[in-house]
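Chains, contacts and geometry: an overview
What follows is each chain in one-letter form.
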Amino acid sequence: MKRECYISIVIITFNKLAYLKAVVANLMFQTVKEHVEIIIVNDGSTDGTEKFLADLCLPYPTKKLNTKNDGSAAARNLGVQNANGKFILFVDNDILLEPDYLQKLIIRTKAAPDRIHSGNIRLIPIEIVSNVIERICSNNEINVTELSKLSYTDAIFGVLPVAYQKNPDADLACWWGLVTGGNICFPKMIFNSVGGFDETFTSWGPEDVDLTYRAFKKGYKLAYHHDMMLFHLDHERNSVDVKEAMARNVSLLLKKYNKSKDIIAYINFFNGMLSLNAFNLVCSQESNKYRDVVLDEYYVSLDYYINKEQMINWKKNDNH
């Protein structure tokens, strides 16, 4: 008898074979393997990924798809089109899940089936990534306690914990601007109802924000789970390419939504010009489905993420 699929894990990858091997090996440590399928979309890699996937055998129903480098949005959409699960968990090719992540996610999604779900993501610094990858690929599980000690919450990924630390069950109007594509689980019905990822967004960002913004506008809400841990394996970035792609895609975002106040507030927040509290207030004012919630005067700058500068996290009254 065929097992019903409850969660489809969609992993997209492009020329990150060493990282992908660790991500896949890490899935072997999950405490739950039933009612889960894996869909890996190889988006035109030229580093041996296609051969690795051809030889890959996992204790999950697995689909391996190869595309011609159409971009993250198109790759994720293709993954969802081939998914059988009621929920779609997007996992990037540099994200490790704690061993009981899926077990917790199944419980939480059953408790709140009409919510979009997100966990607590921490950053593993690039200096130790190769060692972590080697250990995992050698079938040596690194428990969540050790991973927590090896990692830290940076300014960008730390936005979600800061937003929900005082009100863990709060409905925050700004939720759509705080989650990332590698740390989100959608009910498949909701994903399809908002039209999936917009494939006109190519290269780096913010195709995930565009998706969650449409969900926000349709009245869907987030359930954040602080105890569901993910770990991002840091990597080098070409800052010039990332900035050019981000500038192009942000312009597209502004044009698509006619420079709406909440989209402008999102951009200002991630440029260090607006606090988390102010960003949430603008979003609340633009929607009648949320109550005002007072959040920290927390500031970030995307330059940190792009340029690998020291994390930015200062209070409004500090001299910065």
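None of these values were measured; they are calculated from a predicted model.

Criteria and thresholds
- Residues numbered from 1 in each chain as written.
- Predicted model: local features only at pLDDT ≥ 70, side-chain atom pairs only at ≥ 80, totals over all residues.
- Heavy atoms only, no water.
- Helix = DSSP H or I, 4+ residues; strand = E, 2+ residues; numbered from the N terminus.
- Rg over C-alpha atoms; globule rule 2.2 N^0.38 Å.
- Buried < 20%, exposed > 50% of the residue type's maximum accessible area, 1.4 Å probe, protein only.
- Areas by Shrake-Rupley, 256 points an atom, 1.4 Å probe, with all protein chains shown as cover.
- Lys, Arg positive; Asp, Glu negative; His and termini not counted.
- Charge placed at Lys NZ, Arg CZ, Asp CG, Glu CD.
- pLDDT = per-residue confidence, 0-100.
- Contact = heavy atoms within 4.5 Å.
- Pairing = 2+ DSSP bridges.
- Salt bridge = Lys/Arg side-chain N within 4 Å of Asp/Glu carboxyl O.
- Phe/Tyr/Trp six-rings, centres within 6.5 Å; stacked < 30°, edge-to-face > 60°.
- Lys NZ or Arg CZ within 6 Å of the ring centre and 35° of its normal.

**With respect to the overall build of the chain**
For the chain, the helix and strand inventory stands at 13 helices and eight strands. Taken against the 2.2 N^0.38 rule, which gives 20 Å for 320 residues, the C-alpha radius of gyration of the chain at 19 Å falls within 12% of a compact globule. For the chain, the C-alpha atoms occupy an extent of roughly 55 × 40 × 40 Å along the three principal directions. Within the chain, the fraction of its 320 residues that count as buried is 58%. Carbon and sulfur atoms provide 50% of the accessible area of the chain, an area that totals close to 14200 Å². On the chain, the mean spot of the 36 positive side-chain charges and the mean spot of the 38 negative ones are 5 Å from each other.

**Topic: the confidence of the model for the chain**
Here the chain shows a mean pLDDT of 90. Residues at 70 or above account for 92%. Low pLDDT, under 50, characterises residues 308–320; the stretch is placed with 26 contacts to residues that sit more than four places away or in other chains.

**With respect to the environment of Arg135**
Take Arg135: it is sitting in helix H5 (residues 126–137). In this structure, the C-alpha to C-alpha distance between Arg135 and Asp100, residues 35 residues apart in sequence, is 19 Å. In contact with Arg135, not counting residues within four places along its chain, are Asn140, Ile142 and Glu146.

**Some thoughts on the pairing of strand S8 (residues 222–233)**
The two faces of a sheet get side chains in turn, since along a regular strand they alternate between them. Burial runs high along S8: 10 of the 12 residues are buried. Relative to S8, strand S6 (residues 116–124) is paired through eight bridges, and the arrangement is parallel. Bridge pairing in S8 places Arg122 opposite Phe231.

**A closer look at the pattern of salt bridges**
The full count for this structure, using the stated rule, is 16 salt bridges. Note that Arg76 and Asp92 form a salt bridge whose closest N and O atoms lie 2.9 Å from each other. Of this pair, Arg76 sits in helix H3 (residues 72–81) while Asp92 sits in strand S4 (residues 87–92); the two residues are 16 residues apart in sequence, bridging distant segments of the chain. A salt bridge links Arg115 to Asp171; the nearest nitrogen and oxygen atoms lie 2.7 Å apart. Taken as a pair, Arg115 in the loop between helix H4 (101–111) and S6 and Asp171 in the loop between helix H7 (159–164) and strand S7 (184–187) lie far apart in primary sequence, 56 residues in all. Using a relative accessible area of 24% as the deciding quantity, one classes Asp171 as partly exposed. Members of the salt-bridge network, linked through shared partners, are Asp198, Asp210, Arg214 and Lys256.

**Some details on the packing of aromatic side chains**
Under the criterion given, the structure shown has 17 aromatic pairs. Their ring planes at 80° and their centres at 6.0 Å tell us that Phe186 and Phe191 sit as a pair that is edge-to-face. Judged on exposure class, the residue Phe186 and its partner Phe191 are both buried. Plain terms: the ring middles of Tyr266 and Phe279 are 6.4 Å apart, the flat faces sit at 50° to each other, and that makes the pair tilted. Pair noted here: Tyr266 is in helix H11 (residues 261–269) and Phe279 is in helix H12 (residues 276–286), with a separation of 13 residues, a long-range link. Here Tyr266 matches Phe279 in class, with each residue buried. Among the aromatic residues, those joined into a ring-pair cluster are Trp176, Tyr213, Phe216, Tyr257, Tyr266, Phe269, Phe270, Phe279 and Tyr290. Looking at Arg76, its charged tip hangs above the ring of Phe197, at a distance of 5.3 Å from the centre. The ring centre of Tyr6 lies 5.4 Å from the NZ or CZ of Lys110, which sits over that ring.

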